[in-house]
Amino acid sequence: MPLRVYLDSSDYSVLSDPDKAEREVPGVLATLRRLKDAGAVEFFFSAAHLTEMAPVQPDYADAALRRGSMLVALCGGNCLVHHETLFRAEVSAALGLSSILYDPTDRTGKWFPEGAAEMSPVTEADQLRSIKSTIDDVIPNATRAQRRQAQRLLTKGGKLRPAFRDALQRGAVEGDLTEILAVYPMRPVDARVLARYVAGTATAAEATAAFESSLRDPRWMMQWFDRHHDKLTPFVSWARGPAAQLTDKVREMARLVESMRANPLLTEETLSSMYGPAKWEERQTTLLLGITNKLAGSLKPGATLDIALIERHCPGISTAIRSMHAAWRSITFDSPRNPKESDFVDALHAAYAPYVDVFRADSFMAPHVAKQVARFGTTVAPKLSLLPEILRQRGASA
């Protein structure tokens with residue numbers, strides 16, 4: 001059976017830059033490709049990779065496209081399910097709602113959560129709401145009666161009027177797709193299917209399949225993010241929002257600790273009693289219990305899980321939370337620095353470590369992740385240059 005390998009986002013950056021790869025990790029890409037072609041290893045990507053790879057400035061577009069192409073070259077359609085899907089599956093198992101050992105691998109590139117289709121306007125109700133919004137924009141000072149009259153010109157009985165549907169259908173064939181493409185990461189050919197659905201000439205299933213087809217193409221995702229990185233569209237908020245929110249919370253905690261350190265009335269002993277290793281471990285467990293049981297309650301009202309059940313059935317959640325929390329302490333006390341949004345994404349990467357044989361993490365996160373996944377037999381590689389030898393030690397050969 002081939003070894004499952006999960007690379008760090010930075011690895012795709014290095015390997016997709018020929019000069020940098022030759023300078024920093026000579027021969028590594030050739031070795032990885034040889035092992036892949038021999039069936040000795042399989043590479044997997046996740047939503048966390050795409051979030052980090054997406055360009056945030058126009059100058060980074062070419063590099064992002066190269067990273068996306070390298071990811072496809074190594075992984076193909078091999079991915080690990082979205083962390084929301086993974087966490088729900090783990091908690092379901094802990095609650096006894098499922099008895100099958102969960103396998104988070106997907107061979108069709110479905111890195112997005114089950115509800116991703118809800119991000120696209122695949123229901124006529126969405127189009128009707130858009131019509132109402134347009135009417136409000138065009139005649140903002142209209143009376144309620146005038147708005148109703150305008151809406152009646154376009155709809156009847158909650159459905160689009162035939163004449164208006166015909167106009168949409170013509171647009172679906174010949175029209176400008178700029179607006180759809182600005183909001184949703186869809187290839188033009190797939191966006192056309194969505195427009196045809198709105199016009200009534202394609203089914204909801206076809207429109208949903210078209211949307212998901214675009215999502216399954218990492219190279220297209222990089223192109224779309226390049227064009228729309230500066231717009232707070234629903235998709236960008238969905239993809240990047242959690243990291244920003246949690247990072248803000250970490251920054252608040254860091255500011256609190258710093259202010260306490262500056263307080264002359266608080267001694268190091270007092271600070272240690274509040275934030276020392278033992279107390280930090282206690283807070284870590286409390287955080288893990290809180291997050292997991294919030295999800296458990298949403299799946300089975302009133303249900304709670306103890307820490308033993310969580311550690312047994314929820315390795316992804318446990319590894320993510322414990323690795324991230326340990327890293328927080330490091331950047332707050334051991335080597336103080338401001339938290340970055342990438343710290344949270346590192347935790348999402350860590351959630352997959354229990355499910356692969358070899359996991360790549362940067363030198364900062366590697367020891368935190370390694371401590372959590374030793375019991376699963378996962379080897380954590382702290383440097384890309386060490387990966388070929390680690391794979392050899394794990395039995396991979398071409």
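To start, this report covers the structure provided alongside it.

Calculation rules
- Residues numbered from 1 in each chain as written.
- Predicted model: local features only at pLDDT ≥ 70, side-chain atom pairs only at ≥ 80, totals over all residues.
- Heavy atoms only, no water.
- Helix = DSSP H or I, 4+ residues; strand = E, 2+ residues; numbered from the N terminus.
- Buried < 20%, exposed > 50% of the residue type's maximum accessible area, 1.4 Å probe, protein only.
- Contact = heavy atoms within 4.5 Å.
- Axes fitted to C-alpha atoms, helices over the stretch in contact; angles between N-to-C directions.
- Parallel < 35°, antiparallel > 145°, perpendicular 65-115°, else oblique.
- Nonpolar A, V, L, I, M, F, W, Y, C, P; charged D, E, K, R; others polar.
- Pairing = 2+ DSSP bridges.
- Core = buried A, V, L, I, M, F, W, Y, C linked by side-chain atoms within 4.5 Å.
- Phe/Tyr/Trp six-rings, centres within 6.5 Å; stacked < 30°, edge-to-face > 60°.
- Disulfide = S-S within 2.5 Å.
- Expected span 1.5 Å × (residues − 1).
- Salt bridge = Lys/Arg side-chain N within 4 Å of Asp/Glu carboxyl O.

1. Here's the deal with the overall build of the chain
Here's step 1: Summing up its helical and strand segments, the chain has 21 helices and eight strands in all.
Here's step 2: A burial count over the chain gives 47% of its 398 residues as buried.
Here's step 3: For the chain, the proportion of contacts with a sequence separation of at least 24, taken over those separated by at least 6, is 71%.

2. Description of the environment of Val-28
Here's step 1: If you trace the backbone, Val-28 turns up in helix H3 (residues 28–37).
Here's step 2: Relative accessible area serves as the criterion here: at 5%, Val-28 is assigned to the buried category.
Here's step 3: Sequence spacing of Val-28 and Leu-15 is 13 residues, and the spatial spacing of their C-alpha atoms is 8.3 Å.
Here's step 4: Those residues in contact with Val-28 that lie beyond four places of it in its chain are Leu-15, Leu-384, Ser-385 and Pro-388.

3. Comments concerning the packing of helix H6 (residues 83–94) against helix H16 (residues 277–299)
Here's step 1: Interhelical geometry of H6 versus H16 gives an angle of 75° and a closest axis separation of 10 Å. Here H6 is positioned roughly perpendicular relative to H16, judged by the angle of their axes. Note on element contacts: H16 touches H6 through Thr-292, Leu-295, Ala-296 and Leu-299, opposite Phe-87, Arg-88, Val-91 and Ser-92.
Here's step 2: For the contact of H6 with H16, a count of residues per class yields five nonpolar, two polar and one charged.

4. Let's talk about the sheet that holds strand S1 (residues 3–6)
Across a sheet, paired strands are connected by hydrogen bonds in the backbone, their directions being either parallel or antiparallel.
Here's step 1: Spatially, S2-S1-S7-S8 is the arrangement adopted by the four strands of the open sheet, whose pairing is parallel. Two strands lie at the open edges of the sheet, namely strand S2 (41–44) and strand S8 (379–381), each paired on one side alone. In this sheet, neighbouring strand axes are inclined to one another by 25° on average, regardless of whether the strands run parallel or antiparallel.
Here's step 2: Bridge analysis of S1 against S2 gives four bridges, and the strand direction is parallel. Its bridge partner lying in S2, Tyr-6 is registered against Phe-44.

5. Digging into the packing of H3 against helix H5 (residues 61–75)
Here's step 1: In contact at an axis separation of 10 Å, H3 and H5 are set at 35° when each is read in the N-to-C sense. Facing Leu-29, Arg-33 and Lys-36 of H3, the residues of H5 in contact are Met-70, Ala-73 and Leu-74.

6. A look at the nonpolar core
A general tendency of soluble globular proteins is for nonpolar side chains to be buried together.
Here's step 1: Judged by nonpolar contacts, the single largest core of 46 residues is most densely connected at Leu-15, Val-41, Trp-111 and Leu-391.
Here's step 2: Those residues in contact with Leu-15 that sit more than four places away from it in its chain are Leu-7, Ala-21, Val-25, Val-28, Leu-29, Leu-32, Met-70, Leu-74 and Leu-384.
Here's step 3: Counting residues in each nonpolar core, the second largest holds 41 residues, with Leu-86, Val-345, Ala-347 and Ala-366 among its members.

7. With respect to the packing of aromatic side chains
Here's step 1: Throughout the structure, instances matching the rule amount to three aromatic pairs.
Here's step 2: A ring pair is formed by Trp-111 and Phe-112, whose centres lie 5.6 Å apart and whose planes are at 85°; its orientation type is edge-to-face.
Here's step 3: On the accessibility criterion, Trp-111 (5% relative accessible area) is buried.
Here's step 4: Take Phe-112: its relative accessible area is 2%, and that puts it in the buried class.
Here's step 5: Taken together, Tyr-6, Tyr-352 and Phe-359 form an aromatic cluster joined through their ring pairs.

8. A look at the pairing of S1
Here's step 1: Across two bridges, the pairing between S1 and strand S7 (residues 358–360) is parallel. Counted as the bridge partner of Tyr-6 is Phe-359 from S7.

9. Quick word on the state of the cysteines
Here's step 1: This structure, assessed with the given rule, holds zero disulfides.
Here's step 2: The thiol sulfur of Cys-75 is not disulfide-bonded, and the nearest other cysteine sulfur, from Cys-79, lies at 9.0 Å.

10. Structural notes on H5
Here's step 1: Taking 1.5 Å of rise per residue, 15 residues should cover 21 Å, and H5 covers 21 Å from first to last C-alpha, within 8% of that figure.
Here's step 2: The set of residues buried in H5 consists of Ala-61, Ala-64, Arg-67, Gly-68, Met-70, Leu-71, Val-72, Leu-74 and Cys-75.
Here's step 3: In the stretch just after H5, Gly-76 is the one whose phi turns positive, near 60°.

11. Thoughts on the pattern of salt bridges
Here's step 1: Applying the stated rule across the entire model yields 11 salt bridges.
Here's step 2: When the shortest N-O distance is used, the salt bridge between Arg-187 and Asp-190 registers 2.9 Å.
Here's step 3: Note on Asp-190: relative accessible area 8%, which makes it buried.
Here's step 4: Glu-389 is the salt-bridge partner of Arg-392, the closest N and O atoms lying 2.5 Å from each other.

12. Let's talk about H6
Turn by turn, an α-helix covers 3.6 residues, leaving residues three or four places apart pointing in a common direction.
Here's step 1: When the terminal C-alpha atoms of H6 are compared, their 16 Å separation across 12 residues agrees well with the 16 Å that a helix rising 1.5 Å per residue should span.
Here's step 2: Three or more residues of H6 are buried, namely His-83, Thr-85, Leu-86, Phe-87, Ala-89, Glu-90, Val-91, Ser-92, Ala-93 and Ala-94.
Here's step 3: Phi turns positive, to about 80°, at Gly-96, one or two residues after H6.

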